[in-house]
Amino acid sequence: MSFEFQLQPCQSLADGAQNPAGKDAASEPARPSQWDAMRKLLYAAAAPTPGVDGYYRPHLADCSKVEVALERPDEESDLSGVKVRLYGYSRDNMRFLFTLAEQGNLAILPGGEEGTAVVTAASQEEDVSARWPNAIAVTTPGELMSVLKAGRETLPTFRQEAVAEMKAKSKRSLSSGYRTLLISIVSFVVLRGLFFGLSLLAATANSTSMMPWHFLAGFVGILSIAVLVIGLLISSIQIAQDKGYSGELGFSAVLGIPIVLIVTAFIISVFLRQVDGNFYIWYFYIPQIYILLLRLLASIGAMLLLPVLGLCTLAILPYKIRIKYADMFPV
């Protein structure tokens, strides 16, 4: 099923109403270079030339089918109108139609004498009101979809529902990354408790049953550490992505950078030598403050503290994703 819309420059509608005996409104150009502006917009949508039937077929992200025909009286004149044919309603073709009308200063006209003309700015309503007194201004592609699909009467309801949905979505619950982190920490604590319990059994068991308990305790101990590390890895990636950043940033902050710092500290420590209380790498003197920093990085505490600092850094990063009214569409 297709829907066809006629778009005309708002200024031509105003001029036609003011000069009914003058030049035909359909042939009155809106402003210089409107033809070129529409051609550039279609070129950006991967539709540089029209087909044999005169229609441009832009490529949209959701692959929805749209056909556009540009109209002008002759080669010397500017744009006089645009015909748009939509095959169904989708978010992407509504964005395209809204952009076409907004950038071209065009009014979207109803198919018959009766109906609602739609413009993309309140200032354009006055231009078209003489010909279309019921003209309505929309400010987003979502509002445009609401009017075209269900009529102008639905616009106030859509605006209320969109604002309510934005407020509901802005109240963020515990993100998937923090849930994963919480589950991994709880699992680690449970497994460590089981590890200590098995270690106690191994210590109190007789000689014939000591080995199985030792094996189980060692396996559970390694499993607990693996669960914690994997949980940190997954949760750091999820937290970063939930905030609109790349997963690589989360991995680097929580595991990547700490691992590099700790390994670097261990490698440097291998080359340190102490002479009369002073530290050297080959013949280069190393100040005490750097020695203290190396010892901190090479300690077990650093293995725990650095990932925690990385998680805290991720937690305080601002959200890049912001829910905007312009992105809201009717259901």
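Because the structure is a prediction, the values reported are computed rather than measured. (Residues numbered from 1 in each chain as written. Predicted model: local features only at pLDDT ≥ 70, side-chain atom pairs only at ≥ 80, totals over all residues. Heavy atoms only, no water.)

Chemist: For this particular structure, what's the right way to read the UniProt feature "transmembrane region" (unreviewed entry) in the chain?
Modeler: If you check UniProt for "transmembrane region" (unreviewed entry), the listed places come out as residues 181–203, 215–237, 249–272 and 292–319 in our numbering. Between the C-alpha atoms that bound residues 215–237 the distance is 33 Å, and the span itself is 100% helix and 0% strand. The span residues 292–319 is 82% helix and 0% strand, and its two end C-alpha atoms sit 36 Å from each other. (UniProt positions renumbered as here; feature names shortened; annotations may be inferred. Helix = DSSP H or I, 4+ residues; strand = E, 2+ residues; numbered from the N terminus.)

Chemist: I would appreciate a short explanation of unusual backbone geometry in the present structure.
Modeler: Comment: phi is negative for the bulk of residues other than glycine, and the bulk of peptide bonds are trans. In this structure, Ala-46 takes a positive phi of about 65° despite not being glycine. Position of Ala-46 relative to the elements: it lies in the loop between α2 (34–44) and β2 (66–71). By relative accessible area, which is 43% here, Ala-46 ends up partly exposed. One non-glycine residue with positive phi stands out, namely Cys-63, at about 65°. In this structure, Cys-63 sits in the loop between α2 and β2. (Buried < 20%, exposed > 50% of the residue type's maximum accessible area, 1.4 Å probe, protein only.)

Chemist: Quick question: what am I supposed to make of the pattern of salt bridges here?
Modeler: Pairs can form between side chains of opposite charge once their charged atoms are near each other. Counted by the stated rule, this structure contains 7 salt bridges. For Arg-95, the salt bridge identified is with Asp-92, shortest N-O distance 3.0 Å. Separated by 3 residues within a single helix, Arg-95 and Asp-92 lie in helix α3 (residues 91–104), roughly one turn from each other. With a shortest N-O distance of 2.9 Å, Glu-143 and Arg-159 are connected by a salt bridge. Linking Glu-143 in helix α5 (residues 141–150) with Arg-159 in helix α6 (residues 155–170), this pair joins segments that are 16 residues apart in sequence. Since its relative accessible area comes to 32%, Arg-159 is described here as partly exposed. Residues joined by salt bridges that share partners form a network here, namely Glu-4, Asp-53, Arg-57, Lys-65, Glu-67 and Arg-85. (Salt bridge = Lys/Arg side-chain N within 4 Å of Asp/Glu carboxyl O.)

Chemist: Can you help me understand the packing of aromatic side chains in this one?
Modeler: Ring pairs (aromatic) are described by centroid distance and by the angle formed between their planes. Under the counting rule described, the total for this entry stands at 5 aromatic pairs. Look at Phe-271 and Trp-282: their rings are 5.6 Å apart centre to centre, the planes differ by 45°, and that puts the pair in the tilted class. One end of the pair, Phe-271, is in helix α9 (residues 247–271); the other, Trp-282, is in the loop between β8 (278–281) and β9 (284–286), with 11 residues separating them in the sequence. Judged by relative accessible area, which is 43%, Phe-271 ranks as partly exposed. For the pair Tyr-280 and Tyr-285, a centre-to-centre distance of 5.9 Å together with 65° between the ring planes defines the contact as edge-to-face. Given the relative accessible area of 22%, Tyr-280 is considered partly exposed. Positioned above the aromatic ring of Tyr-87, the side-chain terminus of Lys-65 is 4.4 Å from the ring centre. The ring centre of Trp-35 lies 3.8 Å from the NZ or CZ of Arg-72, which sits over that ring. (Phe/Tyr/Trp six-rings, centres within 6.5 Å; stacked < 30°, edge-to-face > 60°. Lys NZ or Arg CZ within 6 Å of the ring centre and 35° of its normal.)

Chemist: So what exactly am I meant to see when it comes to the nonpolar core here?
Modeler: Within soluble globular proteins, side chains that are nonpolar generally end up buried alongside one another. Among the nonpolar cores identified, the biggest contains 38 residues, and Leu-7 and Val-68 are the most heavily contacted of them. If sequence neighbours within four positions are ignored, Val-68 has contacts with Leu-42, Gly-54, Tyr-55, Tyr-56, Pro-58, Val-82, Lys-83, Val-84, Phe-96 and Leu-100. (Core = buried A, V, L, I, M, F, W, Y, C linked by side-chain atoms within 4.5 Å. Contact = heavy atoms within 4.5 Å.)

Chemist: Is there a simple way to explain helix α10 (residues 288–297) in this structure?
Modeler: All buried positions along α10 are accounted for by Ile-291, Leu-294 and Leu-297. Down the axis of α10, the sector holding all buried residues measures 125°, keeping them to one side. Summarising the geometry of α10, the exposed residues directed more than 90 degrees from the buried face are Ile-289 and Arg-295. For α10, the secondary structure elements touched by its buried residues are α9, β7 (272–275), β8, β9 and α11 (300–316). (Arc of directions from axis to C-beta.)

Chemist: What exactly am I supposed to notice about a nonpolar patch on the surface here?
Modeler: A surface patch of nonpolar side chains, amounting to about 980 Å² of accessible area, comprises Ile-259, Val-263, Ile-267, Val-270, Phe-271, Trp-282, Tyr-283 and Phe-284. Element by element, the count of residues in the nonpolar patch is highest for α9, at 5 residues. Positionally, Val-263 belongs in helix α9. Assessed through its relative accessible area of 42%, Val-263 is described here as partly exposed. (Patch = residues over 30% accessible without salt bridge, like charges linked within 9 Å, V, L, I, M, F, W, Y side chains within 5 Å. Areas by Shrake-Rupley, 256 points an atom, 1.4 Å probe, with all protein chains shown as cover.)

Chemist: I tried to follow the side chain of Ser-64 on my own but got confused; where do I start?
Modeler: Structurally, Ser-64 can be placed in the loop between α2 and β2. You can call Ser-64 buried: its relative accessible area is 14%. Within polar-contact distance, the side chain of Ser-64 engages the side chain of Ser-90 at 3.2 Å. Look past the residues within four positions of Ser-64 in its chain and what remains in contact with it is Ser-90 and Asn-93. (Polar contact = N/O pair within 3.5 Å; in protein donor to acceptor, adjacent residues only side chain to side chain.)

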